[in-house]
Amino acid sequence: MTLAVFFGCTFIAFGPAFGLFIFTIARDPLRIIILIAGAFFWLVSLLLSSLIWFIAVKASDPQDERLQKGLLIFGVMFSVLLQEAFRFLYYKLLRKAIEGLVALSEDGCSPISIQQMAYVAGVGFGLMSGAFSMINLLADALGPGTVGIHGDSQLYFLTSAFMTMVLIFLHTFWGILFFHGCEHRRWWEIAAVIIMHLTVSGLSFCNPLYVGSLVPSYLLMAAAAAWAYLLSGGSAQNLRRFLLCLRSGASPQPGS
């Protein structure tokens, strides 16, 4: 049973992201480099926020539960702000990279657009975030032991996997929104990304009331996905053609 839980949670958490990687990133070496660099930037932000939180905990009274809870909330919020700061630094780095690619190209055009960079960078952020969210849980899922044997929720691993999946997608959409805001100097879009990130992270304090964290997170993901789709040039007509499997310029046949 533990092996089934391990593979089931792994496929739920990382299956969709792995599909995105295979079909949209893996065939382009430049996109792979951007993805790995994005994952590295997220990792550095996590290391710095963890270091600051560790120092704060060691310098405080471990017997003061109220203070420790406050430090935990501070650590989560500070980590979110630091992640978004590193996302901005990564945008600046990629902007410089585009200028270099344009200078080196023969036709004066970059081989990859800023929108594509935003998407790939978002996937990199999401994959590294998901890996650190699930790696210890997946190790425990292999056993020995039975989930919920002491009266706790038996859905712990399953809800964690679904939460990891939504975080990976959210980071992808946030990357598109954030880069678009930086590119067009729409600072309210950047602020919206930060607020959504803080909200989703804050919802984790609702656990073990998993409905209170999962449902709002998926609603935010749907909103962020629609927003990112529109900013990337998508339209309702294109979405309808995709759902109906229509080619560009084709029209549905009467009675079909």
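Note that the structure is a prediction, hence the values are computed from the model and not measured.

Attention shifts here to the pattern of salt bridges. Under the definition given, this model contains four salt bridges. E183 is the partner of R95 in a salt bridge, and the nearest nitrogen-oxygen pair spans 2.7 Å. One end of the pair, R95, is in helix α3 (residues 65-104); the other, E183, is in helix α5 (residues 156-183), with 88 residues separating them in the sequence. What makes R95 partly exposed here is its relative accessible area of 26%. Its salt-bridge partner being E189, residue R186 comes within 3.4 Å of it at the nearest N-O pair.

Attention now goes to the nonpolar core. If you look at the biggest cluster of nonpolar residues, it comprises 42 residues, and the most contacted ones within it are I34, Y90, L94, M117, L170 and F179. Where this core is concerned, the elements lending two or more residues are α2 (29-58), α3, α4 (114-141), α5, α6 (187-203) and α7 (210-231). A total of 13 residues in this core trace back to one element, the largest contributor, which is α5. Excluding anything up to four places from it in sequence, I34 contacts Y90, L94, I112, M117, V120 and A121.

Between its first and last C-alpha atoms α2 spans 43 Å; for 30 residues at 1.5 Å apiece the expected length is 44 Å, and the two agree. Buried within α2 we find R31, I34, L35, G38, A39, F41, W42, S45, L46 and S49. Of the residues flanking the start of α2, the one acting as N-cap is D28, its side-chain oxygen 3.0 Å from the backbone nitrogen of L30.

The subject of this paragraph is a nonpolar patch on the surface. Together, L51, W53, F54, I55, L72, I73 and F205 give the surface a local cluster of nonpolar side chains, amounting to about 630 Å² of exposed area. Contributions of two or more residues to the nonpolar patch are made by α2 and α3. The greatest single-element share of the nonpolar patch, amounting to four residues, is contributed by α2. Locating I55 in the fold gives a position in helix α2.

Moving on, we get to the side chain of S201. Its place among the elements puts S201 in helix α6. On the basis of relative accessibility, which here comes to 15%, the residue S201 falls in the buried class.

In contact at an axis separation of 9 Å, α5 and α7 are set at 30 degrees when each is read in the N-to-C sense. With respect to each other, α5 and α7 are oriented roughly parallel. Helix-helix and strand crossings are classified by hand; for α5 and α7 the assignment is left-handed. Where α5 approaches α7, its residues Y156, T159, F162, M163, M165, V166, F169, L170, F173, I176, L177 and H180 are matched on the opposing element by Y210, S213, L214, S217, Y218, L220, M221, A224, A225, W227, A228 and L231. When grouped by side-chain class, the residues that make up the contact of α5 with α7 number 20 nonpolar, four polar and no charged.

Here is what the cut-offs are and how they apply
- Residues numbered from 1 in each chain as written.
- Predicted model: local features only at pLDDT ≥ 70, side-chain atom pairs only at ≥ 80, totals over all residues.
- Heavy atoms only, no water.
- Salt bridge = Lys/Arg side-chain N within 4 Å of Asp/Glu carboxyl O.
- Helix = DSSP H or I, 4+ residues; strand = E, 2+ residues; numbered from the N terminus.
- Buried < 20%, exposed > 50% of the residue type's maximum accessible area, 1.4 Å probe, protein only.
- Core = buried A, V, L, I, M, F, W, Y, C linked by side-chain atoms within 4.5 Å.
- Contact = heavy atoms within 4.5 Å.
- Expected span 1.5 Å × (residues − 1).
- Polar contact = N/O pair within 3.5 Å; in protein donor to acceptor, adjacent residues only side chain to side chain.
- Patch = residues over 30% accessible without salt bridge, like charges linked within 9 Å, V, L, I, M, F, W, Y side chains within 5 Å.
- Areas by Shrake-Rupley, 256 points an atom, 1.4 Å probe, with all protein chains shown as cover.
- Axes fitted to C-alpha atoms, helices over the stretch in contact; angles between N-to-C directions.
- Parallel < 35°, antiparallel > 145°, perpendicular 65-115°, else oblique.
- Left-handed = near helix turned anticlockwise from the far one by under 90°.
- Nonpolar A, V, L, I, M, F, W, Y, C, P; charged D, E, K, R; others polar.

Keep in mind these numbers describe shape, not what the thing actually does.
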